[in-house]
Amino acid sequence: QVQLVESGGGLVQAGGSLRLSCAASGFTFSSRNMGWFHQAPGKEREFVAAIRWSGGITDYADSVKGRFTISRDNGKNTVYLQMNSLKPEDTAVYYCAADLLMFRRTGTSRRAEDFGPWGQGTQVTVSS
């Protein structure tokens, strides 16, 4: 049974930092690209960052580029999202998910429909 458990969210002031973790089980973690998405109230789920199954390639939404860093530890079946210089507009529920394809041939996807299943999410709230 595939399971993804996010943690590390919380309340932080603008300019602060948080580190999200996503522990995966029930599938071969090292064979899947991993992604982070966020969803604010009343909005669609949006791409934040993705990392290739090998860890060598990453991709970021323009809104977080230079502030967020995605990484993974295949030995621990865990993907991380280091979030620095947080802004109030980063406030959302953050979800991790695994690519539906094993060993995707090129790059990473930004499409939510290419990922699943999803974890339960972790709330990130940035106060101004």
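Predicted model only: the values in this text are computed from it and were never measured. (Residues numbered from 1 in each chain as written. Predicted model: local features only at pLDDT ≥ 70, side-chain atom pairs only at ≥ 80, totals over all residues. Heavy atoms only, no water.)

J.: Whenever I open this one, the packing of aromatic side chains confuses me. Can you help?
T.: Between two aromatic rings, the relevant description is the distance of the centres plus the angle of the planes. Applying the stated criterion to the full structure yields six aromatic pairs. With centroids separated by 6.5 Å and ring planes inclined at 90°, the aromatic side chains of tyrosine 95 and tryptophan 118 adopt a geometry described as edge-to-face. Placement of tyrosine 95 in strand E9 (residues 92-99) and of tryptophan 118 in strand E10 (residues 115-118) is noted, with a sequence separation of 23 residues between them. Members of the aromatic cluster, connected to one another through ring pairs, are Phe37, Phe47, Tyr95, Phe115 and Trp118. (Phe/Tyr/Trp six-rings, centres within 6.5 Å; stacked < 30°, edge-to-face > 60°. Helix = DSSP H or I, 4+ residues; strand = E, 2+ residues; numbered from the N terminus.)

J.: I keep staring at the nonpolar core and nothing clicks. Help me out?
T.: In a soluble, globular protein the nonpolar side chains are often hidden away together inside. Counting 34 residues, the largest nonpolar core has Trp36, Val79, Leu81, Met83 and Tyr94 as its most contacted members. Of all the secondary-structure elements, those providing two or more residues to this core are strand E3 (18-25), strand E4 (34-39), strand E5 (46-51), strand E7 (68-73), strand E8 (78-83), E9 and strand E11 (122-127). (Core = buried A, V, L, I, M, F, W, Y, C linked by side-chain atoms within 4.5 Å. Buried < 20%, exposed > 50% of the residue type's maximum accessible area, 1.4 Å probe, protein only.)

J.: Even after reading the chapter, I still don't get the side chain of arginine 72, so can you show me in this structure?
T.: Tracing the backbone through its elements, the reader meets arginine 72 in strand E7. The buried charged residue arginine 72 lacks any salt bridge partner; its closest oppositely charged side chain belongs to aspartate 73, at an N-O distance of 8.3 Å. Reaching out from arginine 72, the side chain makes a polar contact with the backbone oxygen of phenylalanine 29 at a distance of 2.8 Å. Of note is the side chain of arginine 72, whose polar atom sits 2.8 Å from the backbone oxygen of arginine 32. Ignoring anything within four residues of it in the chain, the contact list for arginine 72 reads Phe29, Ser30, Arg32, Asn33, Met34, Ile51, Arg52, Trp53, Gly55, Thr78, Val79 and Tyr80. (Lys, Arg positive; Asp, Glu negative; His and termini not counted. Salt bridge = Lys/Arg side-chain N within 4 Å of Asp/Glu carboxyl O. Polar contact = N/O pair within 3.5 Å; in protein donor to acceptor, adjacent residues only side chain to side chain. Contact = heavy atoms within 4.5 Å.)

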